[in-house]
Amino acid sequence: MGHKIRKAVFPVAGLGTRFLPATKAMPKEMLTVVDKPVIQYALEEARAAGIEDFIFVTGRNKTALEDHFDYSYELQRTLEERGKTEALALIKSWLPRPGQVASVRQQLPLGLGHAVLCAKNLIGDEPFAVILPDDLVLSKTPCMQQLVDVHEETGGNVVAVVDVPREDTKKYGILDVSSDDGRLASVRGLIEKPAPAEAPSTLSIIGRYILTPTIFGHLEKTGKGAGGEIQLTDGMVKLLGAEPFHGLRFEGARYDCGDKIGFLEANIAFGLARSDVASELRRIIAALA
Ligand code: UTP
């Protein structure tokens, strides 16, 4: 029923103010979890879901992101000369093929909805994925693959959701659902950052979406919403009723790396999931506790 998802948008034009001073001259998407920048986890997750085109919506100070996925002539040459074949193979193994990465500038940080709209011409007329690199998911099946599987069944729009404590609804986009089988919910309403007493549920959207291109027309007409920004949620609201719209409680654990504590937690969780550092890390944590 659904279309093949070939393209993913990575909105990376945010200012990252919660991570100052780290983000003063460096994009927050280059922050590393264990030894990999969060943007690389995001790109690898998209690729694991069969996605072939990666679109970065960038802002000023973001050239390190483009460089990270480029051929690194001096480094590769030096590694070659020194016979460091393992390190060389490692950095070559995930380099995107020529033409797979494109970037477009969001000239002003007008909000996530506006950032997605900036990718309109590069997406064209097909459903596409949106991945916010801030959200890392540790799971057996990559989170985006889980959304792609649902999209194949249901078509239309699919977002990844988690249950949050009621007092936290004010931090997220929250679903109002018409049916819910415990895994997949059919969405009839969306509200950005509702006060706990007004939240229609505690199902919050995380940074993984499959959207139809209909969203672009809606985003073009969406004015400033919560926080004075053009909100993706406000654009998505207009899809409801007109097209299928589902929320998936995905399998896996999500870490919000846009936030200091979430970022520290992600480093520990991803470290513990890595055979090369897990036992040493466990020893260190025990010693500190
Ligand atoms: P955040 O709400 O985390 O904002 O954006 P931020 O600016 O990145 O970080 P803080 O809050 O100042 O610390 C959520 C996602 O939307 C992107 C961000 O890059 C992030 O992936 N975004 C946000 C844009 O691309 N453009 C915008 O205008 C706003």
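Everything numeric here is computed off the predicted structure, so don't read it as measured data.

We now examine the pairing of strand β9 (residues 173-180). With 7 bridges connecting them, β9 and strand β10 (residues 184-192) associate as antiparallel partners. Bridge pairing in β10 places L175 opposite L190. Hairpin connection, β9 to β10: the antiparallel pair is bridged by 3 residues, and G182 has positive phi, about 95°.

Checked against the element boundaries, P109 lands in the loop between β5 (101-105) and α5 (112-117). As for P109 and V187, which are separated by 78 residues in sequence, their C-alpha atoms are 28 Å apart. Each residue touching P109, except ones within four places of it in the same chain, is listed here: A13, L15 and E229.

Of the voids in this model, the largest pocket is the one considered here, and its volume is about 1300 Å³. R18, K28, L132, D134 and K193 are the residues nearest the centre of the largest pocket, which is lined by 44 residues in total. With 4 residues, strand β11 (residues 203-211) is the single largest residue contributor to the lining of the largest pocket. Considered as a void within the structure, the second largest pocket measures approximately 320 Å³ in volume. Q40, H68, L90, I91 and W94 are, among the 15 residues lining the second largest pocket, the residues nearest its centre. Of all the secondary-structure elements, those providing two or more residues to the lining of the second largest pocket are β3 (36-37), α2 (63-68), α3 (73-81) and α4 (85-93). Across the lining of the second largest pocket, the residue classes tally to 6 nonpolar, 4 polar and 5 charged.

Conventions and cut-offs
- Residues numbered from 1 in each chain as written.
- Predicted model: local features only at pLDDT ≥ 70, side-chain atom pairs only at ≥ 80, totals over all residues.
- Heavy atoms only, no water.
- Pairing = 2+ DSSP bridges.
- Helix = DSSP H or I, 4+ residues; strand = E, 2+ residues; numbered from the N terminus.
- Contact = heavy atoms within 4.5 Å.
- 1 Å grid on protein atoms, 1.4 Å probe; cavity = no way out; pocket = protein on both sides within 12 Å on 5 of 7 lines; lining within 4 Å.
- Points joined across faces, edges and corners; volume = space filled by probe spheres on them.
- Nonpolar A, V, L, I, M, F, W, Y, C, P; charged D, E, K, R; others polar.

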